[in-house]
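Survey of secondary and tertiary structure
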Amino acid sequence: MIKTFYRTLIFFVFPAVLSAAAFLPADELDPALKEKADKALQAVDETIMSLHSGVCRIWGKTVEGSEAIEDDIYLLFDADANYYRFENGDLKRALLNKDYYYEVWAPADPDGRSVRRSSSSDYTTTSTGCRIVDPLGLIFFTPGGNKRPFNYRESTFHAQNRDIEKIGYEEIEPHIFKVTTIEPPGDAKWKFLLEYHIDTQRGYTVNHIDMTALGLTDCSIRHVHDITWKNINDTWVPTTYAFKSFNTGINPDEEHRRVDWKIEWESVNEAVDPGLFELETMLADLDGYAATFTNEPGLSPALLGVHELSDSFENPRTRFGVLLWFRILILLAGTILVANGLRKLIISRRAEKTATSEDDPPVS
């Protein structure tokens with residue numbers, strides 16, 4: 001029911017968005033405040049882009065309508081090299097390296113597991129009940145829609161930061177400023193009113209985002225993001241993330257989508273071994289096999305073959321079978337050696353007995 005509502009919203013309601021100009025404040029933002037707002041958002045972007053590589057675990061819950069996912073996410077990435085590795089329990093795995101982008105469906109199911117391979121320069125992602133998490137754009141994550149690794153670099157907030165229309169700038173707490181914007185810039189069909197709460201004493205980090213869709217005739221969509229941060233290796237990284245989505249026109253207090261995550265960082269901006277971004281490495285803990293398909297743009301997936309286990313991608317069951325036979329052979333060889341030793345001992349004792357009997361004097 002909720003999914004049907006969102007499809008209706010996307011295809012029929014959003015196109016009815018009115019011109020954003022009708023929702024702009026009557027007074028222009030003071031030029032001095034606009035300059036401060038510009039610098040604040042640019043500083044936020046610089047803080048986000050200062051994260052180059054890392055390893056982290058994310059756990060919590062993602063709720064979309066009646067569907068709830070227990071997340072246990074492992075992220076390993078090197079943004080400068082365009083390397084990315086994602087694992088979410090038994091749900092999905094994804095990998096990006098210099099040659100390919102891989103998606104592994106049903107990783108825990110040896111019979112249903114499959115690998116989808118695309119070019120690293122031209123690929124799409126699929127949800128299959130689990131969305132990709134961009135480590136750079138983590139604070140903007142929403143459950144709906146497909147995500148790409150490092151998608152933040154193509155976002156309005158990064159790519160068009162200077163062009164975003166800033167309509168408000170005020171201090172709401174000591175060292176915390178609220179910047180209000182209308183996004184995206186230009187003649188976009190849809191417009192959104194956003195409020196960013198920026199902590200200027202903690203690396204210009206954003207601890208709260210409030211977004212409202214403008215001009216919807218029957219309803220209004222509102223997204224709320226709350227984030228906490230920690231400085232690790234002279235880099236600010238998020239440590240908790242909470243997201244809520246509301247349809248204020250139908251039921252202002254009803255959550256349609258929700259995310260509650262904790263993020264624990266193992267490393268930040270440290271060297272990452274490129275070998276960790278190979279398919280065999282990512283699948284090394286799995287048994288069985290995986291059918292591998294190629295996803296060429298505009299074509300149906302084509303079967304490349306079955307990914308069989310090798311020395312570097314070894315099936316634990318096969319290894320156990322080899323070890324069992326090896327133990328049997330050792331036991332058999334040991335038994336033969338013991339039996340041969342006993343045979344020699346018996347022969348030796350018989351020879352000694354015979355020799356002793358011949359040396360005894362005759363009985364008179």
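Residues numbered from 1 in each chain as written. Predicted model: local features only at pLDDT ≥ 70, side-chain atom pairs only at ≥ 80, totals over all residues. Heavy atoms only, no water.

1. Describing the overall build of the protein
- Helix and strand counts for the protein stand at 5 helices and 15 strands.
- For the protein, the proportion of its 364 residues judged to be buried stands at 42%.
- Long-range pairs, those at least 24 residues apart, make up 49% of the contacts in the protein with a sequence separation of at least 6.
- Here the protein displays about 20200 Å² of accessible surface, and carbon together with sulfur accounts for 54% of that area. (Helix = DSSP H or I, 4+ residues; strand = E, 2+ residues; numbered from the N terminus. Buried < 20%, exposed > 50% of the residue type's maximum accessible area, 1.4 Å probe, protein only. Contact = heavy atoms within 4.5 Å. Areas by Shrake-Rupley, 256 points an atom, 1.4 Å probe, with all protein chains shown as cover.)

2. Description of the packing of aromatic side chains
- Counted under the stated rule, the structure contains 11 aromatic pairs.
- Seen from their ring centres, Tyr-83 and Phe-277 are 5.0 Å apart, and the 35 degrees between their planes marks the pair as tilted. Of the two residues, Tyr-83 sits in strand E3 (residues 83-88) while Phe-277 sits in the loop between strand E13 (251-268) and helix H4 (279-282), which places them 194 residues apart along the sequence. In this pair, the class of Tyr-83 matches that of Phe-277, namely buried. (Phe/Tyr/Trp six-rings, centres within 6.5 Å; stacked < 30°, edge-to-face > 60°.)

3. Observations concerning the environment of Lys-98
- Relative to the assigned elements, Lys-98 resides in the loop between strand E4 (92-96) and strand E5 (100-105).
- Apart from the residues within four sequence positions on either side, Lys-98 is in contact with Tyr-83 and Ser-120.

4. A few points about the confidence of the model for the protein
- Here the protein shows a mean pLDDT of 80. Residues at 70 or above account for 72%.
- With pLDDT under 50 throughout, residues 309-329 is counted as low confidence; its partners more than four residues away or in other chains account for 15 contacts.
- A low-confidence stretch, residues 360-364 stays under pLDDT 50, and its non-local contacts, those more than four residues away or across chains, total 0 contacts. (pLDDT = per-residue confidence, 0-100.)

5. Concerning the pattern of salt bridges
- Applying the stated criterion to the full structure yields 14 salt bridges.
- The closest approach of N and O atoms between Lys-92 and Glu-103, which form a salt bridge, is 2.7 Å. Of this pair, Lys-92 sits in strand E4 while Glu-103 sits in strand E5; the two residues are 11 residues apart in sequence, bridging distant segments of the chain. Judged on exposure class, the residue Lys-92 and its partner Glu-103 are both buried.
- With a shortest N-O distance of 2.6 Å, Asp-210 and Arg-222 are connected by a salt bridge. With Asp-210 in strand E10 (residues 205-213) and Arg-222 in strand E11 (residues 221-232), the pair connects residues that are 12 residues apart, well separated along the chain.
- Several salt bridges share partner residues, and in doing so they unite Arg-85, Glu-87, Arg-93 and Asp-285 into one network. (Salt bridge = Lys/Arg side-chain N within 4 Å of Asp/Glu carboxyl O.)

6. What about the side chain of Asn-88?
- Residue placement: Asn-88 occurs in strand E3.
- Among the polar contacts listed, one links the side chain of Asn-88 to the backbone nitrogen of Asp-72, at a separation of 3.0 Å.
- If we skip the residues at most four places from it in the chain, Asn-88 touches Glu-70, Asp-71, Asp-72, Ile-73 and Cys-130. (Polar contact = N/O pair within 3.5 Å; in protein donor to acceptor, adjacent residues only side chain to side chain.)

7. Section: the pairing of strand E7 (residues 165-173)
- Pairing between E7 and strand E8 (residues 176-183): 7 bridges, direction antiparallel. The residue bridging Glu-173 from the neighbouring strand is Ile-176, located in E8.
- Counting the residues in the hairpin turn of E7 and E8 gives 2 residues, including His-175, whose phi is positive at 70 degrees. (Pairing = 2+ DSSP bridges.)

8. Brief notes about the side chain of Arg-113
- Inspection of the secondary structure assignment puts Arg-113 in the loop between E5 and strand E6 (114-119).
- At 4.1 Å, Asp-287 is the nearest oppositely charged side chain to Arg-113, a buried residue that forms no salt bridge.
- Apart from the residues within four sequence positions on either side, Arg-113 is in contact with Val-104, Trp-105, Ala-106, Pro-107, Ala-108, Leu-286, Asp-287, Gly-288, Tyr-289, Ala-290 and Ala-291. (Lys, Arg positive; Asp, Glu negative; His and termini not counted.)

9. Here we look at unusual backbone geometry
- Cis geometry marks the peptide bond from Glu-183 to Pro-184, where omega comes out at -5 degrees.
- The residue Ala-106 is not glycine, and still its phi comes out positive at about 50 degrees.
- The topology assignment puts Ala-106 in the loop between E5 and E6.
- Although it is not a glycine, Asn-269 sits at a positive phi angle of roughly 55 degrees.
- Topologically, Asn-269 is positioned in the loop between E13 and H4.

10. Description of helix H2 (residues 31-49)
- When the terminal C-alpha atoms of H2 are compared, their 27 Å separation across 19 residues agrees well with the 27 Å that a helix rising 1.5 Å per residue should span.
- Taken together, the buried positions of H2 are occupied by Ala-37, Asp-38, Ala-40, Leu-41, Gln-42, Ala-43, Val-44, Asp-45, Thr-47 and Ile-48.
- In this structure, the buried residues of H2 make contact with helix H3 (156-159), E7, E8, strand E9 (192-199), E10 and strand E12 (235-247).
- A distance of 2.9 Å separates the backbone nitrogen of Ala-32 from a side-chain oxygen at the start of H2, and that oxygen is part of Asp-30. (Expected span 1.5 Å × (residues − 1).)

11. Regarding the pairing of E3
- Of all 6 residues making up E3, 6 are buried, and the element is well covered by its neighbours.
- Of the two faces of E3, both are covered, the one formed by Tyr-83, Arg-85 and Glu-87 as well as the one formed by Tyr-84, Phe-86 and Asn-88.
- Remark: 4 residues form the turn of the hairpin made by strand E2 (residues 67-78) and E3, two consecutive strands paired antiparallel; Asn-82 in that turn has positive phi of roughly 65 degrees.
- Pairing of E3 with E4 involves 5 bridges; the strand directions are antiparallel. Bridge assignment links Phe-86 to a residue of E4, and that residue is Ala-94.
- Following E3, the chain reverses through 3 residues before pairing antiparallel with E4; Gly-89 in that reversal takes a positive phi of roughly 50 degrees.

12. Section: the environment of Tyr-152
- Tracing the sequence through the fold places Tyr-152 in the loop between E6 and H3.
- Placed 17 residues apart in sequence, Tyr-152 and Pro-135 show a C-alpha to C-alpha distance of 8.7 Å.
- If we ignore the near neighbours within four places in the chain, the residues touching Tyr-152 are Asp-45, Ile-48, Met-49, Asp-134, Leu-136, Gly-137, Phe-140, Phe-157 and His-158.
- Within the local environment of Tyr-152, its side chain forms a polar contact with the side chain of Asp-45, the two groups lying 2.5 Å apart.

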